[in-house]
Amino acid sequence: MRKPHIRQVAVLGAGVMGAQIAAHLVNAKVKTLLFELSATGENPYQSVQQAIQQLTRLEPSPLATPQQASQIIPATYDHDLAQLADCDLVIEAIAERLDWKQALYDKILPYLSAETVLASNTSGLALAQLSALLPVELQSRFCGIHFFNPPRYLSLVELIAAPASDVELLDDLEHFLVGSLGKNVLRAKDTPNFIANRIGVFSLVITLHHAQRLNLGFDTVDELTGTRLGRAKTATFRTLDKVGLDTASHVIRGAAQNLTQDAWRDFYQVPTWLQALVENGALGQKTQAGVYRKEKSQFLVFDPALGNYRVAKPEIDAEVAQILALPNLGERFTALRACAHPQAQFLWAIQRDVMHYAAVHLAEIADTARDVDLALRWGFAWQQGIFELWQAIGWEQVTQYLQQDIAEGKTAAAVPLPNWIFQVKAAHTPQGSWSPVQGQYLARSTLPIYHTLAGQANLLGELPPEIGETVFDNGALRAWHRGDGVLIASFLTKLHTVSEAVLDGLQRAVEIAEQDFMGLVIWHDAPFSVGADLSKVVPTMQAGEIAAIENLVRKFQVTTQRLQNAYVPTVAAVQGLALGGGCEILMHCHAVVAAFESYMGLVETGVGLIPAGGGCKLLAQRAALRAPQGELLAALRPVLETLAMSKVSSSAEQARQYGFLQPSDRIVMHPNALLNAACARVNSLVASGFRPELPSKIAVAGRGVLATFQAHLLNLQVGGFISAHDHKVASYLAAALCGGEVAAGTSVDVAWLLHLEREGFMRLLQTPETLARIQHTLSTGKPLRN
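Residues numbered from 1 in each chain as written. Predicted model: local features only at pLDDT ≥ 70, side-chain atom pairs only at ≥ 80, totals over all residues. Heavy atoms only, no water.

Q: Any details on the pairing of strand β5 (residues 117-120)? Residues and values, ideally.
A: Every second residue of β5 is oriented toward a common face, with V117 and A119 on one face and L118 and S120 on the other, all of them buried. Direction of pairing for strand β4 (residues 89-92) relative to β5: parallel, over a ladder of 4 bridges. Each residue of the ladder has a partner; that of L89, found in β5, is V117. Crossover connection from β4 via helix α3 (residues 98-108) to parallel β5: handedness right-handed. Examined bridge by bridge, β5 and strand β6 (residues 142-147) share 3 bridges and lie parallel to one another. Considered in β6, the bridge of S120 is made with G144. (Buried < 20%, exposed > 50% of the residue type's maximum accessible area, 1.4 Å probe, protein only. Helix = DSSP H or I, 4+ residues; strand = E, 2+ residues; numbered from the N terminus. Pairing = 2+ DSSP bridges. Right-handed = clockwise from strand over helix to strand, strands pointing away.)

Printed below as a string of structure tokens:
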């Protein structure tokens, strides 16, 4: 069979999932048509156009930038089916009705080319059923591609073979999903709910069951089942509100309908209280009321015993809190099992029953235990999969506990543990993960696309990730290499904050790279950096050590200049947050390779400061280079607005619009492709004869543009839109961007611009308002307007 090159995709169905799948396809620069039924009236495209427009209003945004909505091509079944002939992949994403899907397939079949791949995004119907609706010649080009909602942000995609699916075709689709869309792909068997939802939805219903059995408040359950348990911070009931209570009810009922042979089927019931909320229109976040609702400044939670809302006030038992704080997982779960408090019994029961369920069903739903654990990580944001947890607590210990609870009738179903549990002592080993069907440990996929990835999520027991050879490690930054001629600098600080030791490490890394390597890459896991470490600023200022802080600011500027002027290429590999000083560091590298999910911003004004690590200087420099003669006002206005409002990009693509990335900087969809892509960027720069730019003067906007900005700021203050301190901060920012009180077009050197931003930073730092903002942000994580 032909190996498809996916150039154009059609998505059939402009509902919640279909429209967002289309959005992520255009995020990845894939030409995409979105089909919907024709609207009645003069404009048959109105329904699909409205669905596309709705994408720009969703939060979090499914689009990299709002402008990308216009890149989705609206289409209707009545007018545009002929365009399907040019599509390499058609993804069906309509409602889960077999008769509707059959009618749609019958309608599109005459227009598909002999090489078009047809995939269904179904989450509840069997692929074998759907495949049977198709002619034999198409069945080899049919499969399931199950995205998770929201498709942009949840990395998991389940790829499901239908009975006749071509194996090479599935390999090529996996290559496309991973390499082009940045997804983490699992091969699922054609069983009800596939892998992630089979275990994840059971985890939900068993949690609801035990919460009701033990009479625990929903707010208390959320306090117990969020980050304390190593799961998503939205926990259980906040997740229900986020997903939608109507959607959750539909999923539970669908599982009950499909899982006719499941011994735990009776637990797939929509609770009475949940049904009542849905009937009353309390559907969660989309209706501003669900399990939770906000009333003035208070959060309320629904209490089934009251049949109404009460103030949310989770109460964790002191003994249970102590147990959860135990560092040893084995001791922690042994203590929870032994503790008589309902909260402890609840926590043990929900984990035990999910382990039991996953063990019994593993052979049916997945090839290996790895697939289940990665599905829970990628699809439900668990920090550890259920078999990882079993292994971490102690394989034999958990097995013994489960056997005892099954024998005593404490488990949700009286089903014995499968034989494979007693054949192994771990689910994951350096050789691979256990496959009950094959009776051996299986290694990970060897598809070529995975050779381009580095830093893949390792499960407990697998081979540890590559650590390379250390050149130096000062406790805040590790410099290392993989034997390929590229030095890698990785921050070791919490949230990768930029401390003085990080600055020292970067300067040393540049020096070593110039002597012994082809180039330098700054890379580590997300976040790239949340900025400078401000925790010591306030006490240092209170101690009167102003000179010490100014020296640190100078060192920051020297470091970024060192990155910019290095004689070998410096490349930043960015993912996640890159704020403040972290953003300044990446901007001064010769090139940036950014993961699509990168959120960049110079946010110093939020704490009453201005960028002083070279950020203002660099943006003034870039404005001068791109602005036509005498047009610096137009070039600097959006820069001032972006920095004064502490804007943070919602994607790497938007970071380019904000000016934090250059047109030549690369964006990759999969974060694990960053390191290899950054090292390749070093190699390409070296191959093209890299030399740093020679020092040159910068033509600045000067006092005329500065006066215009100051007048605008004064109007904002007089109108009550900004405070007096906001005005002061923005004025220093404007001065640094405009080059100060000099004539328009004056050519200044880099040192002058660095002086201006450093001077503004230090003067603001000595104001009580800025110190108050810093203290407030450090203590609450939120900005202070004063």
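Q: Can you lay out the state of the cysteines for me, pointing to particular residues and giving the numbers?
A: Inspection of every chain in the model, using the stated rule, returns 0 disulfides. C679 carries a free sulfur, and the closest cysteine sulfur to it, the one in C589, is 13 Å from it. (Disulfide = S-S within 2.5 Å.)

Q: For the pairing of strand β16 (residues 477-481), give the residues involved together with the corresponding values.
A: When you tally the buried positions in β16, you get 5 out of 5 residues, the bulk of the element. Judged by which residues are buried, β16 turns out to be covered on both faces: L477, A479 and H481 on one side and R478 and W480 on the other are all buried. As judged from the 4 bridges shared by strand β15 (residues 469-473) and β16, these two strands associate in the antiparallel manner. By the bridge assignment for β16, T470 is matched with W480. The loop that links β15 with its antiparallel partner β16 comprises 3 residues; one of these, G475, has a positive phi angle of about 90°. Pairing between β16 and strand β17 (residues 486-491): 5 bridges, direction antiparallel. Across the sheet, residue R478 finds its bridge partner in β17, namely S490. Counting the residues in the hairpin turn of β16 and β17 gives 4 residues, including G483, whose phi is positive at 80°.

Q: Talk me through unusual backbone geometry; I want residue IDs and the actual numbers.
A: The residue after N149, namely P150, is reached through a cis peptide bond having omega 0°. Topologically, P150 is positioned in the loop between β6 and β7 (156-161). With an omega of 0°, the peptide bond between A526 and P527 qualifies as cis. Summarising the element assignment, P527 is placed in the loop between β18 (519-522) and α20 (537-542). Phi at K29 is positive, roughly 65°, even though this residue is not glycine. Mapped onto the elements, K29 comes out in the loop between α1 (16-27) and β2 (31-36). Unusually for a residue other than glycine, Q288 sits at a positive phi of about 65°.

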